[in-house]
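Survey of secondary and tertiary structure
Chain by chain, the residues:
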Number of protein chains: 2
Amino acid sequence: MMHSAEQGAFRALADPTRRQILVHLAQSEMTIGEVCDRFDITRGAVKKHLIILEEGNLISVHPKGRERINRLEPMALKTVADWLEYFSHFWDSKLGDLKSAIESNQKSTKENDNG
Amino acid sequence: MMHSAEQGAFRALADPTRRQILVHLAQSEMTIGEVCDRFDITRGAVKKHLIILEEGNLISVHPKGRERINRLEPMALKTVADWLEYFSHFWDSKLGDLKSAIESNQKSTKENDNG
DNA sequence: TTTTCATAATACCTTTTGGTATCATTTAAA
DNA sequence: TTTAAATGATACCAAAAGGTATTATGAAAA
């Protein structure tokens, strides 16, 4: 099946535990054990979340002795932010009302990366 | 169960068909029938996607005679963009490398809305 | 009033998801 | 060289997701 570049990241972000893990990794990189200490689920569950985060390129994993360091990879988050930015004129527009913003959008945009 | 304000939106955005629907609704509001015309799935499937988008406050639905108009609600997207912005210093930082950005983050941030 | 059109609702099916428990593997330490 | 620690892998389970087909409703049109 076809997957857009950001699909893996959107999928990973859908789960609150995974978003929480990203917040923790934004403070410092961690081993799996250290991530587990911050949640009340089993190591196996945490491991699965880390795999999904890795598949979405939101983290990278680096072996170090018998440990494995999990590190935030912010560029995948930027991919998501970029997708959202396509809609940003709806909320930071000076027009102030949605109807006008959509009409303005219809005039200016026919094709786009989100389509 | 506790749900953060943005949980419904993140959940809705995880599916590529639903993201596509939002792109279409950014062009103009549409009835369900008009949304269906743009996809190769059944009306029932589209309806379910619209319900999930509505649950995430990403769209609102407005009865009009025997039709129901689906309208983009951009503020829920802003909620998601705001969550992501917490991480933005990792990619737009002048520091340029992640290690420094995380160390800088450790100094400046102890608690935050994402935590 | 009787159709017809746009939509809602429900039952059902398969795959994915989020979790557990258990066993295997690899590396550091005694 | 054993032993302990950190992690990986697998089988299993219940619930949620994404889809279909079918039936029901409610408003517009003939």
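Everything that follows concerns the structure shown earlier in this document.
These lines cover the structure that appears in this document, whether it is placed above or below. Predicted model only: the values in this text are computed from it and were never measured.

This brings us to the side chain of Arg19 of chain B. Take Arg19 of chain B: it is sitting in helix 2 (residues 16-27). Here Arg19 of chain B is buried and forms no salt bridge, its nearest opposite-charge partner Glu6 of chain A lying at an N-O distance of 4.6 Å. Excluding anything up to four places from it in sequence, Arg19 of chain B contacts Ser4, Glu6, Gln7, Phe10 and Trp83 of chain A together with Leu13 and Ala14 of chain B.

What follows is about the pattern of salt bridges. All names here are of chain A. Counted under the stated rule, the structure contains 6 salt bridges over all chains. Between Arg71 and Glu29 there is a salt bridge, with the nearest N and O atoms lying 2.8 Å from each other. Residue Arg71 is located in strand 3 (residues 67-72), and its partner Glu29 is located in the loop between helix 2 (16-27) and strand 1 (30-31); the two are separated by 42 residues in the primary sequence.

Residue and element names in this part refer to chain A. A positive phi angle is found at Asn57, which is not glycine, with a value near 60°. Summarising the element assignment, Asn57 is placed in the loop between helix 4 (43-55) and strand 2 (59-64). For Asn57, a relative accessible area of 51% translates into the label exposed.

Here the focus is the protein's contact with DNA strand D. Taken together, 21 residues lie near DNA strand D, and Ile32 and Arg68 of chain A together with Thr42, Lys48 and His49 of chain B sit nearest. A share of 77% is what sugar and phosphate atoms reach among the atoms of DNA strand D within 4 Å of the protein. A distance of 2.9 Å separates a phosphate oxygen of DNA strand D from a polar side-chain atom of Arg18 of chain B. His49 of chain B has a polar side-chain atom sitting 2.3 Å from a phosphate oxygen of DNA strand D.

Conventions adopted
Every chain begins its residue count from 1, and numbering advances along the sequence as written. Chains and ligands are labelled sequentially in the order written, the chains with letters from A and the ligands with numbers from 1. Residue-level local features of this predicted model are given only where pLDDT is at least 70; pairs of side-chain atoms are given and counted only at 80 or more, and the full residue set underlies all totals for whole chains, interfaces and linings. The basis for every side-chain value is the complete set of non-hydrogen atoms in the structure, without hydrogens or water. Where helices and strands are cited, they refer to DSSP runs of H or I of at least four residues and of E of at least two residues respectively, numbered from the N terminus. The buried label goes to any residue with under 20% of its type's maximum accessible area, the exposed label to any with over 50%, and the partly exposed label to all in between, with areas taken from a 1.4 Å probe on protein chains only. We treat Lys and Arg as the positive residues and Asp and Glu as the negative residues; His and chain ends play no part in the count. A pairing counts as a salt bridge when a side-chain nitrogen of Lys or Arg comes within 4 Å of a carboxyl oxygen of Asp or Glu. Contacts: residue pairs with any heavy atoms within 4.5 Å of one another. We call a residue near a given molecule or strand whenever any one of its heavy atoms falls within 4 Å of it. Distance and chemistry together define a polar contact, namely a pair of N or O atoms within 3.5 Å, with one atom able to donate a hydrogen and the other to accept it when in protein, and with adjacent residues in sequence counting only for side-chain atoms on both sides.

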